[in-house]
Structure formats: structure tokens, C-alpha cells
Amino acid sequence: MNRALLASLTLLALALSACRSADVRPAAAPGSPPAWEADNPVRPLPAPPLGSPADFSTVPWVTPQKVRLGRWLFYDRRLSADGTISCATCHRPEHAFSEPTAVSTGIRGQQGRRKSPPILNAAWPVYPRYFWDGRAATLAEQAQGPLANPVEMGNTLDHVVLTVARVPGYAPYFREAFGDPRIDVARVSEAIAAYEATRLSGNSAHDRFAAGDEAALSPEARRGMELFFGRAQCAQCHLGPNLSDSQFHNLGVGWRPPADAVQPLLEGFADKGRYEVTRDEKDVGAFKTPTLRDCSRHAPYMHDGSMATLEEAVLHYWRGGFANPWLSERIVPVPMTRAELSALVAFLRALDGEGYADVAPGVFPQ
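Residue numbers here run from 1 along each chain, matching the order of that chain's written sequence. Where totals are concerned, whole chains, interfaces and linings use all residues; where local detail is concerned, this predicted model gives features only for residues with pLDDT of at least 70, and gives and counts side-chain atom pairs only at 80 or more. Calculated side-chain values reflect all of the structure's heavy atoms, with hydrogen atoms and water omitted.

This part takes up the layout of surface pockets. Taken as a whole, the largest pocket holds about 760 Å³ of empty space. Lining of the largest pocket is provided by 44 residues; of these, H91, S116, P117, F131 and W132 occupy positions nearest its centre. Secondary structure follows DSSP: runs of H or I at least 4 residues long count as helices, runs of E at least 2 residues long count as strands, and numbering of each begins at the N terminus. Secondary structure elements with two or more residues in the lining of the largest pocket: α4 (87-90), α5 (139-148) and α11 (275-278). For the lining of the largest pocket, the element with the most residues is α5, which contributes three residues. Residues are grouped as follows: Ala, Val, Leu, Ile, Met, Phe, Trp, Tyr, Cys and Pro are nonpolar; Asp, Glu, Lys and Arg are charged; all remaining types, including Gly, are polar. Taken together, the residues of the lining of the largest pocket break down into 21 nonpolar, 15 polar and eight charged. Throughout, the protein atoms alone are placed on a 1 Å grid, and a set of points is a cavity if a 1.4 Å probe fits but cannot get out or a pocket if it is open with protein on both sides within 12 Å along at least five of seven lines; lining residues have an atom within 4 Å of a point. Grid points are joined across faces, edges and corners, and a volume is the space filled by probe spheres set on the points.

Spelled out as C-alpha cells, the structure:
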């Protein structure tokens, strides 16, 4: 073997050794569970907070063992192509599992074109349609999307499976969750979805008021509630326990009239929303109604993060959206005073709840 090749192989071995050393996890004492297991024990499914639609009896595939496994996978950056991005990169616990940026950032700093929607109470929608454009029919299918999206986690589903399978520490928990240690993409995504299903929101001031606590809402928030369910007509689309009809509506967000008559009107929307899934022209520029639970923590707003504050988002509806050929017939101007605007925002802030709080595991299977 020539000296140059030998030197190259030696450097490679040293580099690999350094990488391994940098990822060492605390070792367990003899007879004790691994450090990552002690850090992330099996916990009972959470009790749904007041007002949450959660009912775990309707989702029997969600088990404590799958939730424990899914919690690791949700926060594990090794599932991305370059080991830098996890599900939690865009669905941040401190922002009620949304993100504080206008659009998501994926591997190699790539910018997406949409903001990650929140995943609170996500296992109990009015209709099972996920993503802003409704392209996924189940929570598990939704969990697969970012893994293989070249702008987000940038992996392939096959390589995700290979990555997880190469971590010996994961095998016992797949056996525990599914009955045997087989690892495939269906199990990976189901475990992530099981964890997501436990991110609940309820017991907000509005929930407590609705349950009979007259002092839960301030007078201003109570005036905002009357507007929300009355003259402002917000509850046409923001309805039910999740305050979302799970339907798709064109609000004119993202509309830019084509520069000349030669361009088709369709080109006025760079992101055509639901139309990209259905190819039905009535869906041009239509996006899913997001939940309003914990919306004060979800700024900026809309699918493209184009509205910085709740006040700006409310003003958009107040003015009747942005006119375009496909504007929803439900979007009409609703004149309000500044005091009414403030009251409506106060009510929206009263939708902040609890039940979703978490932090990333401190240690991951090795």
C-alpha cells in the first residue's frame, strides 16, 4: 500500500473516531436501563384538558409505547439527510408546535414556501385532511411528508428506515411498540403521529368560561367573543372544539394580479394551495382553516407567514380579504371600530391553553 493511500485511510479513521466520540451518550450503570430510556420513560396517555376534542378511545393505535418511541423520532435530527433537521425544528414546543418564522427552513438553509401549521389536537379534526393543501389523509401520512421533502428534511423514506435501523438502541422500542423489532416507514411515521396525537390544547380562558366560570374572560374578551360568534362571522370557518372546519378557503392571501393580459389569471397565485392537489379551479388559492387554539403563539400568520400580528390578521378579514377571481363568498367586509378590533384580539388571546408543553429528550437511543 503506498504511503499517500495509507495516510488518507488513517485520516479517515481518525475522523470517524472523532465523530463517534462527539456523539457519545451517558452510559448506564450495570443492571440499569440505558440513559435514554431513563430520560424518556413510558408514560400514560395524557388526560385531555377541558375543551379539547381528544378522546384516545377513538384512536386505539395511539399507545404509550408508540408515544415514547415517537417522541424520540420527532426530535431526532438524524432522520434528516444531513443530521441537522428534525420535526421539532419547525414544530417547536415553545411556540405551541408551530414556528416563529414566515416559512420553514430545511436542510442546507433552504427556504420553503409555507409556514408549518400547528399540530395541536391534530388527531381529532372535523375532516381528516392534513397540510395547508390537504394532501395527506392521516396523521401518519402527514408525518412522512417532511421526511422526504427535498427542501425540508431532504431524505428518502428508504434511507430514513435505514438510518433508524442502523441505531441498535431503537430496535427494543419498536418491539415494545409493535410486537417485533421490524423497522419500516409505516411504523416510523405511526410512532411520530402517536406522539403528535398527545400534543393537546385546552383549559383556555374561553374553555373555562364556556364551562361556567364567569370570571375566566375579561369584559373586553367577552365583547370579542360576542363579535367572533356574531357579527364578525369568524365562526363560519373557525368552529368546533378545534376552531377549524378543516375546509379550504381562498382569502386572497398571496394574490398578485398578473402583469399583463397574456398571463393566465391562475398565475396570480405563486402558491395555488388546494388546487395543486385537486386541479379543480374552485380550489385556486384556497388553504386549510388553521386551528385558533394558542394562536397568540403562532405568529406570523397565514400559510405564507405574511401577516406579522393578530391585529394584522384580523384587519385582513375586516377589510374583506384581497379581491381575486376565486375569493371565498364567506369573506366580506365587516366594519369594526378600533375598540372592537382590540376586543376580538383579546378573545383570540383567551384561546391560549395547556396540555402540549414538552422539551426535546436529553438523550437518544444509540
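So, on to empty space enclosed by the protein. Here the structure, examined in full by the defined rule, presents two cavities of 30 Å³ or more. The space that makes up the largest cavity amounts to roughly 760 Å³. In terms of lining residues, the largest cavity is bounded by 43 residues, among which H238, L251, L292, M302 and Y317 are the most central. Elements with a contribution of two residues or more to the lining of the largest cavity: β1 (248-250), β2 (286-288), α12 (310-318) and α13 (338-349). Of the residues in the lining of the largest cavity, the class split is 27 nonpolar, 13 polar and three charged. Its volume calculated, the second largest cavity comes out at about 30 Å³.

Turning next to the nonpolar core. Buried residues of nine kinds, namely Ala, Val, Leu, Ile, Met, Phe, Trp, Tyr and Cys, make up a nonpolar core once their side-chain atoms join them within 4.5 Å. For every residue, the accessible area (1.4 Å probe, protein chains only) is compared with the maximum for its type, and the residue is labelled buried under 20%, exposed over 50%, or partly exposed between those bounds. L69, L73, F74, L79, Y170 and F174 are the most contacted members of the largest nonpolar core, which has 53 residues in total. For this core, the elements supplying multiple residues, two or more each, are α2 (35-39), α3 (64-75), α4, α5, α6 (157-165), α7 (171-178) and α8 (185-197). For this core, the leading source of residues is α8, giving seven residues. Two residues qualify as a contact provided that any one of their heavy atoms is within 4.5 Å of a heavy atom in the partner residue. Each residue touching F74, except ones within four places of it in the same chain, is listed here: S86, C87, A88, H91, F97, I119, I192, Y195 and E196. In this structure, A205, C234, L315 and L348 belong to the second largest nonpolar core, which totals 34 residues.

Residues spaced three or four apart along an α-helix point in a common direction, a consequence of the helix completing one turn every 3.6 residues. Those residues of α12 that sit buried are L310, A313, V314, L315, H316 and W318. Those residues of α12 hidden inside the fold are in contact with α13. Phi for G320, located one or two positions after α12, is positive at around 90 degrees.

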